[in-house]
Amino acid sequence: MFLTIIFLFFLLLAILALSFFYFFLALGMFRTGIPFIARPIKYQQKIFELMQLKKEEKLFDLGCGDATFLIEAEKKYGVKSFGYEISLAALFVARLNVWFKKSKTKIINQDFFQADLSQADVIFCYLFPGKIMEKLSVKFKKELKFGARIYSLAFSLPNWPNEEIKYLDEKNNKGKIFIYYQGDTKHSNDTRMTRK
Ligand SMILES: C[S@@+](CC[C@H](N)C(=O)[O-])C[C@H]1O[C@@H](n2cnc3c(N)ncnc32)[C@H](O)[C@@H]1O
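Note on numbering: residues in each chain are counted from 1, in written sequence order. Side-chain atom pairs in this predicted model are given and counted only at pLDDT of 80 or more, local residue features only at pLDDT of at least 70, and totals for whole chains, interfaces and linings cover all residues.

Colleague: Where do I start with the overall build of the protein in this structure?
Modeller: Where helices and strands are cited, they refer to DSSP runs of H or I of at least four residues and of E of at least two residues respectively, numbered from the N terminus. Of regular secondary structure, the protein possesses five helices and seven strands. Starting at the N terminus, the α and β elements of the protein follow one another as α-α-β-α-β-α-β-β-α-β-β-β. Along the first, second and third principal axes, the C-alpha set of the protein runs to 75 × 35 × 35 Å. Using C-beta atoms placed from the backbone, we call a residue buried if 20 or more other C-beta atoms fall within 10 Å of its own, exposed if 12 or fewer do, and partly exposed for counts in between. Within the span of the protein, comprising 196 residues, buried residues form 31% of the whole.

Colleague: Before we go on, may I ask you to explain the nonpolar core in this structure?
Modeller: Among the nonpolar cores identified, the biggest contains 42 residues, and Leu-59, Ala-94 and Ile-123 are the most heavily contacted of them. Considering each element in turn, this core owes the most residues, six residues, to helix α4 (residues 88–100). We call two residues in contact when their backbone-placed C-beta atoms lie within 7 Å. Contact partners of Ala-94, with chain neighbours within four places excluded, come to Cys-64, Gly-65, Asp-66, Ala-67, Gly-83, Glu-85 and Ile-107. Each nonpolar core consists of buried Ala, Val, Leu, Ile, Met, Phe, Trp, Tyr and Cys residues. Their C-beta atoms, within 7 Å, join them into a set.

Colleague: Any chance you could explain the pairing of strand β6 (residues 164–169) here in plain terms?
Modeller: Remember that side chains alternate between the two faces of the sheet whenever the strand is regular. As defined by bridge partners, β6 adjoins strand β7 (residues 174–181) across five bridges and the pair is classed as antiparallel. By the bridge assignment for β7, Ile-165 is matched with Phe-178. Following DSSP output, two strands are said to pair if at least two bridges run between them. Taken together, β6 and the strand that follows it, β7, pair antiparallel across an intervening segment of four residues, in which Asn-173 is found at a positive phi of about 50°.

Colleague: Sorry if this is basic, but what is going on with unusual backbone geometry here?
Modeller: Note on backbone geometry: most residues besides glycine have negative phi, and most peptide bonds are trans. A positive phi angle, near 45°, is found at Gln-52, a position not held by glycine. By the secondary structure assignment, Gln-52 is in the loop between α2 (44–51) and β1 (58–62). Even without being glycine, Ala-154 reaches a positive phi, approximately 75°. Among the secondary structure elements, Ala-154 is positioned in the loop between β5 (149–153) and β6. In this structure Ala-154 comes out as partly exposed when scored by C-beta crowding, with 16 C-beta atoms within 10 Å.

Spelled out as structure tokens, the structure:
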């Protein structure tokens, strides 16, 4: 009898915790219109290879979700990683992961549109098509330093010429990632975005 009561108590606790978690997850999605869906893990290493991360570079994940992308990048390549996350549920998981993995990744509970991106060397995002990418496109052009690299999984940045498209699953032409360079140092003679 006693054991049954203890079991029911913990079951109730688990149900309550899960309800809170999903409530905050839904709230986050309501605020941003973007759900917390982690990038397919099978693409992660290929993304790192494309990024050619160097030690001490600053890597930003805009909408970092559980932060596992940033933690892994920091551990493998010695980058300084920063994640912006607005959803409280995702934020909780991200901070828990950082703590468990003894990571130096900084998780910032802020709308990334309010963030200062001028220090970023590499930006990663996996968001949603439409307005949000349009707005980000403008912010990137205005704030990113010359030569900063942007990797946008699945969705392109509008009005950004000279995009480079790669397939993370080359065999099946799947897993599109769009790559951009501030000032486009590498990929064209277009100087419209060059900042002096
Ligand atoms: C599709 S998930 C991607 C998570 C992670 N980047 C990954 O690839 O695994 C998008 C995340 O962006 C967050 N997000 C959306 N808009 C945001 C904003 N304006 N500021 C901060 N976070 C935002 C959402 O809460 C969600 O967790």
